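Spelled out, the chains give:
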There are 4 protein chains.
Amino acid sequence: MSSTFGNRMKISIFGQSHSAAIGVVMDTPPAGFQINMDELRAFLARRSPHSALSTARREPDEIEFLSGLLGNATCGAPLCAIIRNTDCRPEDYTYLADTPRPGHADYTAEMKYHGMQDKSGGGHFSGRLTAPLCIAGGICKQLLSAKGISLGVHLAKIGKAEDSPWSSLHVSKEDLDALDPFFPLNNEDLRPAMEAEIEAAIADGDSVGGVIECAVLGLPAGIGAPMFDGLENTLSRAVFAIPGIRGIEFGNGFEAASLRASENNDAFSVKDGRIVTETNRHGGILGGISTGMPLIFRVAVKPTPSISKPQQTVRLSTMEQTTVSVHGRHDACIALRAAVGVEAAAAIAIWDALEDANV
Amino acid sequence: MSSTFGNRMKISIFGQSHSAAIGVVMDTPPAGFQINMDELRAFLARRSPHSALSTARREPDEIEFLSGLLGNATCGAPLCAIIRNTDCRPEDYTYLADTPRPGHADYTAEMKYHGMQDKSGGGHFSGRLTAPLCIAGGICKQLLSAKGISLGVHLAKIGKAEDSPWSSLHVSKEDLDALDPFFPLNNEDLRPAMEAEIEAAIADGDSVGGVIECAVLGLPAGIGAPMFDGLENTLSRAVFAIPGIRGIEFGNGFEAASLRASENNDAFSVKDGRIVTETNRHGGILGGISTGMPLIFRVAVKPTPSISKPQQTVRLSTMEQTTVSVHGRHDACIALRAAVGVEAAAAIAIWDALEDANV
Amino acid sequence: MSSTFGNRMKISIFGQSHSAAIGVVMDTPPAGFQINMDELRAFLARRSPHSALSTARREPDEIEFLSGLLGNATCGAPLCAIIRNTDCRPEDYTYLADTPRPGHADYTAEMKYHGMQDKSGGGHFSGRLTAPLCIAGGICKQLLSAKGISLGVHLAKIGKAEDSPWSSLHVSKEDLDALDPFFPLNNEDLRPAMEAEIEAAIADGDSVGGVIECAVLGLPAGIGAPMFDGLENTLSRAVFAIPGIRGIEFGNGFEAASLRASENNDAFSVKDGRIVTETNRHGGILGGISTGMPLIFRVAVKPTPSISKPQQTVRLSTMEQTTVSVHGRHDACIALRAAVGVEAAAAIAIWDALEDANV
Amino acid sequence: MSSTFGNRMKISIFGQSHSAAIGVVMDTPPAGFQINMDELRAFLARRSPHSALSTARREPDEIEFLSGLLGNATCGAPLCAIIRNTDCRPEDYTYLADTPRPGHADYTAEMKYHGMQDKSGGGHFSGRLTAPLCIAGGICKQLLSAKGISLGVHLAKIGKAEDSPWSSLHVSKEDLDALDPFFPLNNEDLRPAMEAEIEAAIADGDSVGGVIECAVLGLPAGIGAPMFDGLENTLSRAVFAIPGIRGIEFGNGFEAASLRASENNDAFSVKDGRIVTETNRHGGILGGISTGMPLIFRVAVKPTPSISKPQQTVRLSTMEQTTVSVHGRHDACIALRAAVGVEAAAAIAIWDALEDANV
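Residues numbered from 1 in each chain as written. Chains lettered and ligands numbered in written order. Predicted model: local features only at pLDDT ≥ 70, side-chain atom pairs only at ≥ 80, totals over all residues. Heavy atoms only, no water.

(A) Focus on the interface of chain B and chain C. With 40 residues of chain B at the interface, the matching set in chain C holds 40 residues. Of the roughly 2,900 Å² buried where chain B meets chain C, counting both sides, 61% is carbon and sulfur surface. Linking chain B with chain C are 2 salt bridges. We note a salt bridge from R84 of chain B to E64 of chain C, for which the minimum N-O separation is 2.9 Å. If you look at where chain B meets chain C, you find 16 residue pairs in polar contact (both at pLDDT 80 or more). Contributions of two or more residues to the side of chain B that touches chain C are made by β2 (10–14), β3 (21–27), β4 (64–67), β5 (69–70) and β7 (79–84) of chain B. Broken down by class, the residue content of the side of chain B that touches chain C amounts to 18 nonpolar, 16 polar and 6 charged. (Contact = heavy atoms within 4.5 Å. Buried area = accessible area lost by both parts, 1.4 Å probe. Salt bridge = Lys/Arg side-chain N within 4 Å of Asp/Glu carboxyl O. Polar contact = N/O pair within 3.5 Å; in protein donor to acceptor, adjacent residues only side chain to side chain. Helix = DSSP H or I, 4+ residues; strand = E, 2+ residues; numbered from the N terminus. Nonpolar A, V, L, I, M, F, W, Y, C, P; charged D, E, K, R; others polar.)

What follows is the structure, given as structure tokens:
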């Protein structure tokens, strides 16, 4: 039961890189909600390859709704949406079946499934599975939006190039709306440096990692729970579903470890009749529960493990050392396309927390 | 349902800082397992204050088993263990009820429970709740040990002082066994610098944060799952139950974001007839599933928010700004006592993953 | 994870017949609810042996709250309540360990736990575990009462003697309130015939079964769900936790199998401005969801399997046939004391369905 | 989260009577299991209308696998299977939208979903949703079969006509294999009487109920659990997902309520070196756990509520009393087509219990 999420609405994701389709069941969005299909398609399009910086795999990613809707409105029945896999070239991967790619799940899948797993394109481990995650997340984002809650992400870092950080206190819905959907940056001037990182990696037959920062605005205070269903627990559980994520931090995160409390605590004050904090190092969460300040977290994304440079591996059938070069079609920086996945996962997690709170 | 964890064995934690007792139900450990009570008590003792560096609250923390055992052996029925709260001084906190402490859950609890929460000592949000977590974790650690799996933690960082990192490839059970239970360091020479950080904070009426690194050794390859029940998801969900954790990273974590794949991928090779990686930047997990290499993760712990320095807050009853100085009895560095909690949470999570895999 | 229940509030029951204590964790009742302790004790007292017709085991069954309360009000933290086992005589059962009692879980527990289970008094399988079920159920009953929802049970049948059935259309809160707490009958005139059934069984060293009927009044229309979380599914899952239950039926239940739809369907009509049915063969549930009519179900309770009459069994250690007479202290009709357990289980299930519906 | 089932393998069912498709996600069957597609299709065909006694709605019910397979073998990824709805005539139901049909979920769905539900053909409440249940159940039946466990059902009763009961002690796999897939009877001689019941109901524009009996053979002793995850709890939760079920009883069920323990207990004895009971009134379950004897349960199915006879209802828009005659295409006895659904639900539940036991 590895691909099911949620205390209230259950999200069940299925599909492999080269199965007939990939998809998601949502059990169940509230009845009577009008899904804005253009907005949903635009959201999903953000994870599609859109430039020379991304994989050459091109699929229209048409969403087909099998159930749960009347017209575009949810009807209280489980919603199933699928995307057909049309541009499959499984032969690209057959030569890899016996030589697990470094940094990929090939070897661990082999150990878990004893060789019975679908190896084409990573099977169920493929980044392609973030597409149904984005369908569910895109719908949750609309559900949240109807309650005045907004989400956004930017590329905080690509390789060694960094975007200027959000002033976590003052990030606004307008800031989120202004982000480029495909290459979201806080400071557009930093784009060339970031693109240069990716291009240099491509030129070297290599790839590069990054950091994605996510903000949730408008979340009322009091959402979440202590212990195992805190916002950090729930967001982490959702976000690590995305391949290649290596870490997550909330508010000032790892930086807090070096600070004194007098430097790290955020003073409470009153603004416009409501309680706020004067700084937002806590990232909008205290004790697993929202404070009403912007919820801010960051995730580290590793460099795409598939590279054309030869890498050392082992031939499973003979247990001999060999090398593998991964040709196929791959992104040189999965952080780019993972960004919308992080936003989707966050939307799913926040919606679940919100439903748990009966708000 | 915020304090319940687990796909297979359900861990349900209860209690408040000053309720009659705190405790845990484990539903259910496998029948017929002999718990080593001395070892369990020693494990739990690691989270007790043990020196001038920790809180002056002193309780014997005697474990009382209410159910689930025949002698010291599990009997297949849910195990309930409690610790009586004996050294309660709730009056310490009454003056705080109206003035939420910066960095604490006081304000968010107020918003979630509309003032009906138990405010004494943080109630259910108290770090004291890591004691039942440690009972469950200590039992899981013994269950894992019986399968050849070991866990350990060290203080990777206190404030600005760092322990030398584990060579994640060569960390051994002997390394773990050699750690000081109360101040676990890889390199004992670095202890004075770390203690100095804490003492300086105490002298300033302040506190300091830290980083805890955890290793799981002997975990066979193939444990875990893709997507939402991956090892990262499960470990994160467990670990963020500990108050004050702000981030988690696996393997080289956030560092991976700055690297090329050619620097970050770990080459596969054969050693003693089994497949290993030549480096361990992946921290023992690929695709949410164990590789058989040491599983390594780190968590950031914030400085104890309770400090005697005056801090700005708001009087809830009047919505006026005021200041608060937290006297009570507190640790100047919760990372010290949180360390065993991280080990406990990891043991619970890994046991759940292992049971899910029917190993 | 056999002893945990609930989609929203998790109920975790622990204890064995002769462990230090039995108890329950509720994670978590809504904060700020005042528990009426007299009412709760009176509810729990209904499952105590109260006459010559019941077991001679006598325990005060004092409820001790370990957590989750401030005074008598819930505080949003998990509530743990226990009952100490004081009147233990485990030696009563030692002679049974090798000779499983017919009709009991002795043999199946032996097979599941490989002899490591607590055999005293049935261990975790004991009817004594309905006491913590009744604590949780008694609290849920009060939570439901605050929303205008009432529950009650009567002994529809003891052996061959039947109580007159509730007219399911007209059963009122007053009818429920008028029931004798220890021997609840719709028609008190039928009590002698029922008592005679039990007394005759006792005289024969035997025991007798019964049917318990439960009504839930005031449940608004629209609570429940299709498929796996329907009211029938949820109520069944809760009610079969009580030892000795062999069947459950809703509305006219098994009788419906012999009827035509024209005899079985309930016509809709309008009464006092709201939609009702003119008959209530459906028992208040259609499609898993409440109609607003009285919810009515019945459960069959088998005769207490423990009887002093010699019964054939097998000596496990030698695999030889032998006989067993169960002395100890037992009820001649567990339906009497199971009745309040059924009401408790129903209260827990209905509360969960109500929370799921955000009512 | 109403349409999701399972502690280990999560079954998530989606679709409405007239949505684009209906289907199921299984997360996840064990990797490397070869599904016998002919057998699965034959299993599913058993719920198709197959004679003049059933609805005139005719659909080929082709199973389309979207994910989870390599060829016909499971690959450890979630399996999604769908059936396209081809023979839709939603206009058949439009006249019903304002006049809830007696005995149907129309009214309760209206109350739960505030009119936003899909009303065509009962939407997600339709008996058509037992088709994906049968896909999941058919696969579980094959998984069970590979472990030597067989399931079967027969029509114990149609209206007032009864099939001769299984001798629960001696029912064999051969008995199950000999059953007519479409009209399964223990005693074929009784078929004319049963068919006569249905034909008479059809002639009257009416319908008739029935009882389905299910047997599970080969289940080893020790499967199941006490309290909330007992076999009765799990089977009930699964079986009540089928529309029209009004009751369930295990072993001798409601009959036990009238018996003495000396009549109801089953004596243990030794046969061929293993422990058996000499009778099987307990139906293969004691304390929620299997005894190794045939597991036997029965469910009551109500008469199809849709009948052409005029019935009284209420026009929701005006709150006026009116009558409704249900034309459309309906079965005169849903017990016939529900039978395979009961077998499917049982297979799903037993598989879950078996996985929970790590067998």
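(B) Quick look at the relation of the copies chain B and chain C. Overlaying chain B with chain C gives an RMSD of 0.0 Å, the required rotation being 180 degrees about an axis along which the chain moves by 0.0 Å. Seen this way, the second copy is the image of the first under a two-fold rotation axis. Looking at chain B, 100% of its interface residues are interface residues in chain C too, so the copies touch through the same face. (Least-squares fit on C-alpha atoms with pLDDT ≥ 70 in both.)

(C) Highlighting the packing of helix α4 (residues 130–145) of chain C against helix α9 (residues 334–356) of chain C. All names here are of chain C. The contact between α4 and α9 brings their axes to 8 Å, and the two run at 55 degrees. Regarding the angle of α4 to α9, the classification is oblique. In this structure, α4 crosses over α9, and the sense of that crossing is left-handed. Mapping the contact onto sequence places L133, C134, A136, G137, C140, K141, L143 and L144 in α4 and V340, G341, E343, A344, A345, A347, I348, I350, W351 and L354 in α9. (Axes fitted to C-alpha atoms, helices over the stretch in contact; angles between N-to-C directions. Parallel < 35°, antiparallel > 145°, perpendicular 65-115°, else oblique. Left-handed = near helix turned anticlockwise from the far one by under 90°.)

(D) How the structure looks around the pattern of salt bridges. Taken as a whole and assessed by the stated rule, the structure comprises 92 salt bridges over all chains. A salt bridge links E213 of chain C to R298 of chain C; the shortest N-O distance between them is 2.7 Å. Taken together, the residues E213 of chain C in strand β10 (residues 210–217) and R298 of chain C in strand β16 (residues 295–301) connect sequence positions 85 residues apart. Comparing E213 of chain C with R298 of chain C, the two get one shared label, buried. A salt bridge links K309 of chain D to D206 of chain D; its shortest N-O distance comes to 3.6 Å. One end of the pair, K309 of chain D, is in the loop between β16 (295–301) and β17 (311–315); the other, D206 of chain D, is in the loop between α6 (191–203) and β10 (210–217), with 103 residues separating them in the sequence. We classify K309 of chain D as partly exposed; its relative accessible area is 31%. In this structure D206 of chain D comes out as buried when scored by relative accessible area, which is 5%. (Buried < 20%, exposed > 50% of the residue type's maximum accessible area, 1.4 Å probe, protein only.)

(E) How the structure looks around the relation of the copies chain C and chain D. Of the transformation superimposing chain C on chain D, the axial component is 0.0 Å and the angular component is 180 degrees, with the fit at an RMSD of 0.0 Å. Here 100% of the contact residues of chain C are again contact residues in chain D; the copies associate through an equivalent surface.

(F) Highlighting the environment of M26 of chain D. All names here are of chain D. Among the secondary structure elements, M26 is positioned in strand β3 (residues 21–27). As for M26 and I135, which are separated by 109 residues in sequence, their C-alpha atoms are 9.8 Å apart. Ignoring any residue separated from it by four or fewer positions in sequence, one finds M26 in contact with M9, K10, I11, P78, L79, A136, I139 and C140.

(G) How the structure looks around the interface of chain C and chain D. Contact with chain C, which involves 102 residues of that partner, is made by 103 residues of chain D. Surface buried jointly by chain C and chain D totals about 8,200 Å² across both partners, of which 62% is contributed by carbon and sulfur atoms. Sorting the residues of chain C by area buried against chain D places F228, R246 and F268 of chain C first, and these three jointly supply 11% of that buried surface. For the interface between chain C and chain D, the tally reads 6 salt bridges. Across the salt bridge formed by D204 of chain D and R260 of chain C, the nearest N and O atoms sit 2.8 Å from each other. Remark: the boundary between chain C and chain D carries 43 residue pairs in polar contact (both at pLDDT 80 or more). Looking at which element gives the most residues to the side of chain C that touches chain D, the answer is strand β11 (residues 245–250) of chain C, with 6 residues. Taken together, the 3 bridges between β11 of chain C and strand β11 (residues 245–250) of chain D define a ladder with antiparallel strand orientation. Along β11 of chain D, the bridge assignment pairs G247 of chain C with E249 of chain D. (Pairing = 2+ DSSP bridges.)

Worth remembering: the numbers are spatial, not functional.
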